[in-house]
Structure formats: structure tokens, C-alpha cells
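Chain by chain, the residues run as shown.
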Amino acid sequence: MLVTLKELLEDAQKKKYAIGSFNLHNMEMLPSFFEAAKETKTPISIQISNGTAKYIGLDLIVSMTRTLAERENVKVALHLDHNSDLDFIKKAVDAGFTSVMFDGAHLPLEENIRLTKDIVQYAHKQGVSVEAEVGAIGGTEDGVSVEHSNHTDPEEAAYFYKETNVDALAVSFGSAHGQYRSKAALDFDVLHKIYEAVDAPLVLHGGTGVSYDDIGVLIENGISKINIGTILNVTYIEKGKETFSESSLDNSLRNLLIPCNDKVKEIIKEKIYHFNNNRALAN
Ligand SMILES: [Zn+2]
């Protein structure tokens, strides 16, 4: 069943775990996301970058995800990740996404608030959740770079949340998009202050670079969603290089992609296990 991110975050906060939000890069990967969710009995969020949204199309993404969610009986939030195009975000709401992110982190605070409110008003009317970002999370993701990261100011975050009433707040305290060769040095002091100041469920972006040892403290300090993109893409390419280079030309393309999908499923299961504080959850 397609559900809102808000619903999933409430469940996560109640049961003290973090929802894994996983980046889709192509259609082939999608069933493996559902197999992982089903086998771990855990709801997930599937997040769509601007690039993937344009590549597959909003309508097809919604229909594929809805079909699989019903077939596999898994609770899934379909989330439009980082986007600052108001018209496009509204199209995603109309198309059937259950959550959208307006990313105005690069804007002055008041402008970020003004535009976020516009999206919140539009999305909430249709029962769709909204995530926004305060402070700037650095790094590169799906070809989009943010050169200067900027830790979230707890007071600004509290003010932003009060003004916008978003369902989830992405915060910056040391994680980075695209980080997979090393681990992030997280500033737990900043996170703790944000947690004390803000009532909103908090979101960690750049989850690939986060150590499993840190997950427990993150959840204790309000992190309710962890975004995972880079490791799925890296793994898919790594496995694909192997299968494509070893294959004869008369092989079915399908046979070269199935091992990549299987690898992605394994990684998602591993992430979910850690985000669940090492326990299975009933769906
Ligand atoms: Zn992100």
C-alpha cells in the first residue's frame, strides 16, 4: 500500500527505528526494493531524484510502485527527493507521490520558508507529506553538487518548523551526499541541540557514509529517516561491470541485470536491519 511519509515517520518514532529511504535509479531495481522490505517486514521510503523522475516519468513511477506495493503487501512512501522546481513538485503531488521534498537550503531563510509554505499548502490539501531542508548538506548526488555544507542552526530550524509545519526536516551536521569511501564525522552535539529545539522528525541525508555504530545515537536524537543512494548505485555498477564483461553477446540482457538487482536487495536488507536497531519489525 502506498502511504504517506508522515505515517511511516510516526510509526518509526513510536517504535524507535529509522525509515530507510532508498534512491531508485532505473526501473529494473524497483522489485528488489520491495523484496527487501517484505523479507524484513519493514516499511520503506523510495526516493526519486529529479534525474530519475525525468528519466522514467512521474506517472510510470507511481503506477509501478503502486502495483508492487499492493502485490507485495508492503507499506511504502513514494518520495520526490531534493527538488526546487515548484511546478514539478506539484506535478508529483498530482501524479500520486505520497511525499515530496522542497529543497530551498541554498536560499535565504525567509525565502526558503515562503516557498516551503507554498508546497506545504498544496501538498497537505491532497494528503501528501512534505520534507524540507535547513542548513546545507554538502557533496554530490546524481550529478547535483553542493560545494559548501553548512551545519543546521538549531534556532533557525525551530523557527523554520514553526513557520512551515513540514512533516520532516532534513538537517546538516556532518553527513555528505556521495560519500562511500570513508565515514562521515557527525557532529552529535549539533544534532542533539536541533533535537532539543525542534519537534519535527529529522532526516539524515548521505546515509551511505554513516557508520552502523552511530545509528543508535542518531535515532535517540530524533533521526527518523535515513537516505541511502550512493551505495546502491555504486554496487549496481560494480556488479554490472562484472556481469557485462563476462557475458557473451547472445546472452539475455536480463541475465546480466538480475545479479545487480540481487546485490541491491542484499544491501537494502542490511541497511534496514541496522536502521531497525537490529530487529525485524511487523509491517
Ligand atoms: Zn539528499
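Here, the structure is the one placed above.
What you are looking at is a predicted structure, and each value in this text was computed from that prediction instead of being measured.

Chemist: Honestly, the coordination of the zinc ion in this entry has me stumped. Any pointers?
Modeler: For a metal with four donors in a tetrahedral arrangement, the ideal angle between donors is 109.5 degrees, while six donors in an octahedron ideally sit at 90 or 180 degrees. Looking at the zinc ion, the protein donor atoms are His82 (NE2), His177 (NE2) and His205 (ND1), and they sit 2.0 to 2.1 Å from it. Along the chain, the residues donating to the zinc ion fall in the pattern H-x94-H-x27-H. Of the two residues, His82 sits in strand S3 (residues 76-83) while His177 sits in strand S9 (residues 176-177), which places them 95 residues apart along the sequence. Just as His82 is buried, His177 falls in that class too.

Chemist: When you look at the environment of Glu39 in this model, what are you seeing that I'm missing?
Modeler: Tracing the backbone shows Glu39 in helix H2 (residues 30-39). In this structure, the C-alpha to C-alpha distance between Glu39 and Glu7, residues 32 residues apart in sequence, is 21 Å. One polar contact links Glu39 to Lys265, side chain to side chain, over a distance of 2.8 Å.

Chemist: Just to check I follow, could you spell out the packing of aromatic side chains for this structure?
Modeler: Two aromatic rings are characterised by how far apart their centres lie and by the angle between their planes. In total, this model carries one aromatic pair according to the counting rule given. Centre to centre, the rings of Phe22 and Phe33 are 6.5 Å apart; their planes meet at 80 degrees, and the pair counts as edge-to-face. Taken together, the residues span a long stretch of sequence, with Phe22 in strand S1 (residues 19-23) and Phe33 in helix H2 at a distance of eleven residues. Side by side, Phe22 and Phe33 carry an identical accessibility label, which is buried. A cation over an aromatic ring shows up here: Lys54 above the ring of Phe88, its NZ or CZ 4.6 Å from the ring centre.

Chemist: Explanation requested: the sheet that holds S3 in the structure shown.
Modeler: The pairing of strands in a sheet happens through backbone hydrogen bonds and is either parallel or antiparallel. Taken in spatial order, the eight strands of this closed barrel run S1-S2-S3-S4-S5-S8-S10-S11, and their pairing is parallel. If you compare each strand with its neighbour and ignore which way they point, the axes differ by 25 degrees on average. The sheet contact formed by strand S8 (residues 168-171) and strand S10 (residues 202-204) spans two bridges and is parallel. Residue pairing for S10: Ala170 is matched across the bridge by Val203. Sheet strands in contact with helix H4 (residues 58-72) are strand S2 (44-48) and S3, and its direction is about 155 degrees off that of S3. Against the sheet, helix H11 (residues 253-275) touches S1, S2 and strand S11 (223-228), its axis set at about 155 degrees to S1.

Chemist: Would you mind showing me how to read helix H10 (residues 230-246) here?
Modeler: Each α-helix turn comprises 3.6 residues. Residues three or four places apart therefore point the same way. For H10, spanning 17 residues, the distance from its first C-alpha to its last is 25 Å, which sits close to the expected 24 Å at 1.5 Å a residue. Contacts from the buried residues of H10 go to S1, H2, S11 and H11.

Chemist: How do you make sense of the pairing of S2 when you look at a structure like this?
Modeler: The two faces of a sheet get side chains in turn, since along a regular strand they alternate between them. The buried fraction of S2 is high, at five of five residues. Of the two faces of S2, the one carrying Ile44, Ile46 and Ile48 and the one carrying Ser45 and Gln47 are both buried. The β-α-β motif built from S1, the intervening H2 and the parallel element S2 has right-handed crossover chirality. Pairing of S2 with S3 involves five bridges; the strand directions are parallel. By the bridge assignment, Gln47 is partnered in S3 with His79.

Chemist: Looking at this structure, how should I read the sheet that holds S9?
Modeler: Read across the sheet, three strands follow the order S7-S6-S9 without closing on themselves; strand pairing throughout is mixed. Strand pairing shows two members of the sheet lacking a second neighbour, strand S7 (144-146) and S9, which therefore form its edges.

Chemist: Can you walk me through the side chain of Ser45 in this structure?
Modeler: Counting through the fold element by element, Ser45 comes out in strand S2. A polar side-chain atom of Ser45 sits 2.6 Å from a polar atom in the side chain of Ser21. Excluding residues within four positions of it along the chain, Ser45 makes contact with Leu5, Ile19, Gly20, Ser21, Phe22, Ala77 and His79.

The rules behind these values
Residues numbered from 1 in each chain as written. Predicted model: local features only at pLDDT ≥ 70, side-chain atom pairs only at ≥ 80, totals over all residues. Heavy atoms only, no water. Donors = N, O, S within 2.8 Å, 3.2 Å for Na, K, Ca; no water. Helix = DSSP H or I, 4+ residues; strand = E, 2+ residues; numbered from the N terminus. Buried < 20%, exposed > 50% of the residue type's maximum accessible area, 1.4 Å probe, protein only. Polar contact = N/O pair within 3.5 Å; in protein donor to acceptor, adjacent residues only side chain to side chain. Phe/Tyr/Trp six-rings, centres within 6.5 Å; stacked < 30°, edge-to-face > 60°. Lys NZ or Arg CZ within 6 Å of the ring centre and 35° of its normal. Pairing = 2+ DSSP bridges. Axes fitted to C-alpha atoms, helices over the stretch in contact; angles between N-to-C directions. Contact = heavy atoms within 4.5 Å. Expected span 1.5 Å × (residues − 1). Right-handed = clockwise from strand over helix to strand, strands pointing away.

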